[in-house]
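In case you want the letters, here they are:
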Amino acid sequence: MKADGDWENVNCTLKKPFMCYNKGDGDHSLSYTLKKEGSSWCEAQRFCRLHHTDLVSISSSTQNEEVKNKGDGEALFWIGLIHTDWEWSDGACSTFRNWEMGKPGEGTVCTCLKKTRKWALKHVLKTQ
């Protein structure tokens, strides 16, 4: 999130401040904590899950305004939204990519590591 409340698509490996939230109990609302030390998105998520509830999720314009205000004018900080079509089978958070050529296309389902140490895509036939 930028200081003006707009969202920006940024490389997840960059070190940025981040916003965690704590889930309230019953009538208590959410509380937000801005961490100013720079972390990658995955590092920020791990920290928030260990010490808070998670990276902040935003579900309305009102909440977006609250998070922006709690951001204390910080130029750019991580929130809990991530866009990736690839995830590790064990659920590990990783933004590292090492594709053999370009970005993968549609319709591919699995990845293999080639002798070149680059990743390649393989179509998998499902068996019943």
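In every chain, residue numbers begin from 1 and rise along the written sequence. Local features in a predicted model are, by the rule used here, given only for residues with pLDDT of at least 70; side-chain atom pairs are given and counted only at 80 or more, and totals for whole chains, interfaces and linings are based on all residues. Side-chain metrics in this entry use all non-hydrogen atoms of the structure; hydrogen atoms and water are not considered.

> Explain the packing of aromatic side chains to me, please; I cannot follow it from the model alone.
Each aromatic ring pair is characterised by the separation of its centres together with the angle its planes make. Pairing of aromatic side chains here covers Phe, Tyr and the six-membered ring of Trp, requires ring centres within 6.5 Å, and sorts the geometry by plane angle: under 30 degrees stacked, over 60 edge-to-face, intermediate tilted. Inspection of every chain in the model, using the stated rule, returns 1 aromatic pair. Plain terms: the ring middles of phenylalanine 18 and phenylalanine 47 are 5.6 Å apart, the flat faces sit at 70° to each other, and that makes the pair edge-to-face. A residue pair is termed long-range when its members are at least 10 positions apart, and phenylalanine 18 in strand β1 (residues 16–22) and phenylalanine 47 in helix α1 (residues 41–51) qualify at 29 residues. According to the relative accessible area criterion, phenylalanine 18 is buried, its value standing at 1%. Each helix is a run of H or I in the DSSP string that is no shorter than four residues. Each strand is a run of E no shorter than two, and both are numbered from the N terminus. The rule is simple: take the accessible area with a 1.4 Å probe, protein chains only, and divide by the maximum for that residue type; under 20% is buried, over 50% is exposed, in between is partly exposed.

> I tried to follow α1 on my own but got confused; where do I start?
Since the α-helix advances by 3.6 residues per turn, residues separated by three or four positions end up pointing in the same direction. Residues Trp41, Cys42, Ala44, Gln45 and Cys48 constitute the buried set of α1. In a view along the axis of α1, the buried residues occupy a sector of 160°, so they form one face of it. Looking at the buried residues of α1, the elements they touch are β1, β2 (31–39) and β3 (54–55). The directions considered for the arc are those from the helix axis to the C-beta atoms. Should any heavy atoms of two residues lie within 4.5 Å, those residues are considered in contact.

> Which parts of the structure should I look at to understand the state of the cysteines?
What makes a disulfide is a covalent bond joining the sulfur atoms belonging to two cysteines. Two cysteine sulfur atoms form a disulfide, by the criterion used here, when they sit within 2.5 Å. Tallying each qualifying case throughout the model produces 1 disulfide. Each sulfur of the disulfide joining cysteine 20 and cysteine 48 lies 1.9 Å from the other. The sign of the S-S torsion, about -75°, decides the handedness of the disulfide formed by cysteine 20 and cysteine 48: left-handed. With cysteine 20 in strand β1 and cysteine 48 in helix α1, the pair connects residues that are 28 residues apart, well separated along the chain.

> Sorry if this is basic, but what is going on with the layout of surface pockets here?
Empty space among the atoms becomes visible once a probe the size of a water molecule is rolled across them. Each cavity reported here is a set of points on a 1 Å grid over the protein atoms alone in which a 1.4 Å probe fits but cannot get out, each pocket an open set with protein on both sides within 12 Å along at least five of seven lines, and each lining residue one with an atom within 4 Å of a point. Grid points are joined across faces, edges and corners, and a volume is the space filled by probe spheres set on the points. Within this model, the second largest pocket holds a volume of roughly 270 Å³. Classifying every residue of the lining of the second largest pocket by side-chain character gives 6 nonpolar, 4 polar and 4 charged. Just so you know the grouping, Ala, Val, Leu, Ile, Met, Phe, Trp, Tyr, Cys and Pro go in nonpolar, Asp, Glu, Lys and Arg go in charged, and all remaining residues, Gly too, go in polar.

> How should the pattern of salt bridges be read in this particular structure?
A pair can form between side chains of opposite charge whenever their charged atoms are brought close. Salt bridges are counted wherever a side-chain nitrogen of Lys or Arg sits within 4 Å of a carboxyl oxygen of Asp or Glu. With the rule as written, the count across this model stands at 4 salt bridges. Two residues, lysine 15 and glutamate 43, come together in a salt bridge whose shortest N-O distance is 2.8 Å. Remark: glutamate 43 occurs in helix α1 and lysine 15 occurs in the segment before β1; sequence separation between them is 28 residues. Between lysine 36 and aspartate 72 there is a salt bridge; the shortest N-O distance is 3.6 Å. Within this pair, whereas lysine 36 is found in strand β2, its partner aspartate 72 is found in the loop between α2 (61–70) and β4 (110–113), the two being separated by 36 residues in sequence. Residue classification places aspartate 72 among the exposed positions, given a relative accessible area of 56%.

> I keep staring at the sheet that holds β3 and nothing clicks. Help me out?
Note: strands within a sheet are paired through backbone hydrogen bonds, in either parallel or antiparallel orientation. Strand order in this open sheet of 3 strands is β2-β1-β3, and the pairing throughout is antiparallel. The open sheet has two edge strands, β2 and β3, and neither has a second partner. A pair of strands counts as paired when DSSP detects no fewer than two bridges linking them. One ladder, built from 2 bridges, connects β1 with β3; its direction is antiparallel. Across the sheet, residue tyrosine 21 finds its bridge partner in β3, namely aspartate 54. Every axis in this analysis is a line fitted to C-alpha atoms, fitted for helices over the stretch in contact. Angles between the N-to-C directions lie between 0 and 180 degrees. Sitting on the sheet, α2 touches β1 and β2, and the angle it makes with β2 is about 50°.

> Honestly, the environment of glutamine 63 in this entry has me stumped. Any pointers?
You can see glutamine 63 is positioned in helix α2. Between the C-alpha atom of glutamine 63 and that of leucine 30, which follows or precedes it by 33 residues, the distance is 9.8 Å. Not counting residues within four places of it along the chain, the set of residues in contact with glutamine 63 comprises Leu30, Tyr32, Ser57 and Ile58. Here serine 59 takes part through its backbone nitrogen, which lies 2.8 Å from a polar atom of the side chain of glutamine 63. As used in this structure description, the phrase polar contact means that two N or O atoms lie within 3.5 Å; if the pair is within protein, one of them must be able to donate a hydrogen and the other to accept it, and residues adjacent in sequence are counted only when both atoms belong to side chains.

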